[in-house]
Amino acid sequence: MNTITKIDVNTSDAAQKLIDAYTTNGIAYFSGLSIATHDNQKQLLTLARTFFNDFSEHEKNTFRFGPKGSERGYERMGAERYFDGDDAAGADFKESFAITGHDTQNWPPALIQSGIKSEMTYFRQLAEEASLTILSLFEQALAITPGFLVNLHLPERNNSTLRLNHYPPLKPSERSGNIRLSEHTDYDTLSLLIPMDNTPGFQVRSPSGQWLPVPTQPETLLVHVDDLLARWSNHRLIATPHRVVANPAADIWPERYSMVYFCGPAQDTVIDSRDLFPDESPLYPPTTAGEHLTERLNQAYKDSYRQPPS
Ligand SMILES: O=C(O)CCC(=O)C(=O)O
Ligand SMILES: [Fe+2]
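Keep in mind that what you see is a predicted model, and the values were worked out from it rather than measured.

(A) Quick look at the sheet that holds strand β7 (residues 179-184). Read from one edge to the other, the open sheet built from 4 strands follows the order β7-β12-β9-β10, with strand pairing classed as antiparallel. Strands with a single pairing partner mark the edges of an open sheet, and in this sheet they are β7 and β10 (211-213). With direction set aside, neighbouring strand axes in the sheet form an average angle of 25°. As defined by bridge partners, strand β9 (residues 202-205) adjoins strand β12 (residues 242-245) across 3 bridges and the pair is classed as antiparallel. Looking at the pairing, Val204 lines up with His242 of β12.

This is the structure:
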């Protein structure tokens, strides 16, 4: 059984531990960050319960907002699907609510009055701070120019997304197999999983191909590598495949909540490994963050574009 590395960001061997962690398991716990406190964990759970349970399905479906062309907000259950060649692998039993970049515009009044706007904005700021600390450790671990990654993810520049997920309780007739969210990699630079709910189910596939259950740990973030960092690092780091499962024999799958900060750069950022490793030929063709994101979102939301919300 592999043990998952725990990295205290305030210790001098943090960067060294990091490369080992990401080449063995593809994930690590990070401590010493102000977002991952016990009080924040409780506050997040309250926020998520309020959002998903206090509004009707109809109201939630009206919560789309943000600058024109990049509407964000609520996604109903089943909207995001991962296609791995066969449709059965695309199950998605979660609903979600996301904000991207600094969405200050057009928030629905109900979300302002309920305090959800201010809470999400507060947690986005804490997650942003944590992401910069962690990116700086990745720069040290990869021995690249200090500040290269941090500067591309500063508050005024990033296009990061903060997402709340809710997996409703499900009876056997409402589900299939053991999958709550099927295998995928995330589309940005890094993903920070912020602890809020201890319901198990999250797993990562290690570089050697084994599925590892990864429980939340108090006062720590879980961080994994996303597509853009795999491309930038010229495959020194790989994007971590992950999924959420449940016991297929259980009578009811218990309700589950999660919060993820998808840390990513502005859409016009060029992702070319030669900016970090000029002497190597790139294993991935250069792209921009926006092109990559559009390609992945079109894939993941293919089904929901075919069928309007019911
Ligand atoms: O719910 C979780 O623990 C993981 C969610 C996830 O992988 C995602 O939102 O991309
Ligand atoms: Fe994910």
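(B) Quick look at the site of ligand 1. The environment of ligand 1 is formed by 13 residues, the closest being Arg163, Asn165, Tyr167, Arg256 and Ser258. The separation between an oxygen atom of ligand 1 and a polar side-chain atom of His242 is 3.0 Å. Ser258 has a polar side-chain atom sitting 2.7 Å from an oxygen atom of ligand 1. Cavity membership is defined here by more than half of the atoms lying within 2 Å of grid points; on that basis ligand 1 lies in the largest cavity. Contributing elements (two or more residues each) for the shell around ligand 1: β6 (161-167), β7, β12 and β13 (256-263). Of the residues contributing to the shell around ligand 1, the split by class is 6 nonpolar, 4 polar and 3 charged.

(C) Broad picture of the packing of aromatic side chains. Following the criterion strictly, the structure yields 14 aromatic pairs and no others. With centroids separated by 5.1 Å and ring planes inclined at 65°, the aromatic side chains of Tyr122 and Phe123 adopt a geometry described as edge-to-face. Phe123 gets classed as buried once you look at its relative accessible area, which sits at 0%. Site record: aromatic cluster; members linked through ring pairs are Phe51, Phe52, Phe55, Phe63, Phe65, Tyr74, Phe97, Trp107 and Tyr257. The positively charged end of Arg236 is found above the aromatic ring belonging to Phe277, 3.7 Å away from the centroid. Above the face of the Trp211 ring, Arg243 is positioned so that its terminal group lies 3.9 Å from the ring centre.

(D) Layout of the environment of Arg157. Here Arg157 shows up in the loop between α6 (148-152) and β6. Distance in space between the C-alpha atoms of Arg157 and Thr269 is 9.9 Å, their sequence separation being 112 residues. Filtering out sequence-adjacent residues up to four positions away, Arg157 remains in contact with Asn151, Leu152, Pro265, Ala266, Asp268 and Thr269.

(E) Layout of the UniProt feature "domain: Fe2OG dioxygenase" (unreviewed entry) in the protein. UniProt annotation of "domain: Fe2OG dioxygenase" (unreviewed entry) refers to residues 157-265 when read in the numbering used here. For the annotated span residues 157-265, helix accounts for 6% and strand for 39% of the residues, and the straight-line distance between the end C-alpha atoms is 7 Å.

(F) Representation of the sheet that holds strand β8 (residues 190-194) within the structure. Strand order in the open sheet formed by 9 strands is β1-β2-β11-β8-β13-β6-β5-β4-β3, and the pairing between neighbours is mixed. Two strands lie at the open edges of the sheet, namely β1 (6-8) and β3 (64-65), each paired on one side alone. Bridge analysis of β8 against strand β11 (residues 221-225) gives 4 bridges, and the strand direction is antiparallel. Bridging from a neighbouring strand, Leu193 pairs with Leu222 of β11. Each of β1, β2 (27-31) and β11 touches helix α1 (residues 14-24); the most contacted strand, β2, lies at about 150° to it.

What counts as what
- Residues numbered from 1 in each chain as written.
- Chains lettered and ligands numbered in written order.
- Predicted model: local features only at pLDDT ≥ 70, side-chain atom pairs only at ≥ 80, totals over all residues.
- Heavy atoms only, no water.
- Pairing = 2+ DSSP bridges.
- Helix = DSSP H or I, 4+ residues; strand = E, 2+ residues; numbered from the N terminus.
- Axes fitted to C-alpha atoms, helices over the stretch in contact; angles between N-to-C directions.
- Near = heavy atom within 4 Å.
- Polar contact = N/O pair within 3.5 Å; in protein donor to acceptor, adjacent residues only side chain to side chain.
- 1 Å grid on protein atoms, 1.4 Å probe; cavity = no way out; pocket = protein on both sides within 12 Å on 5 of 7 lines; lining within 4 Å.
- Sits in = over half its atoms within 2 Å of the grid points.
- Nonpolar A, V, L, I, M, F, W, Y, C, P; charged D, E, K, R; others polar.
- Phe/Tyr/Trp six-rings, centres within 6.5 Å; stacked < 30°, edge-to-face > 60°.
- Buried < 20%, exposed > 50% of the residue type's maximum accessible area, 1.4 Å probe, protein only.
- Lys NZ or Arg CZ within 6 Å of the ring centre and 35° of its normal.
- Contact = heavy atoms within 4.5 Å.
- UniProt positions renumbered as here; feature names shortened; annotations may be inferred.

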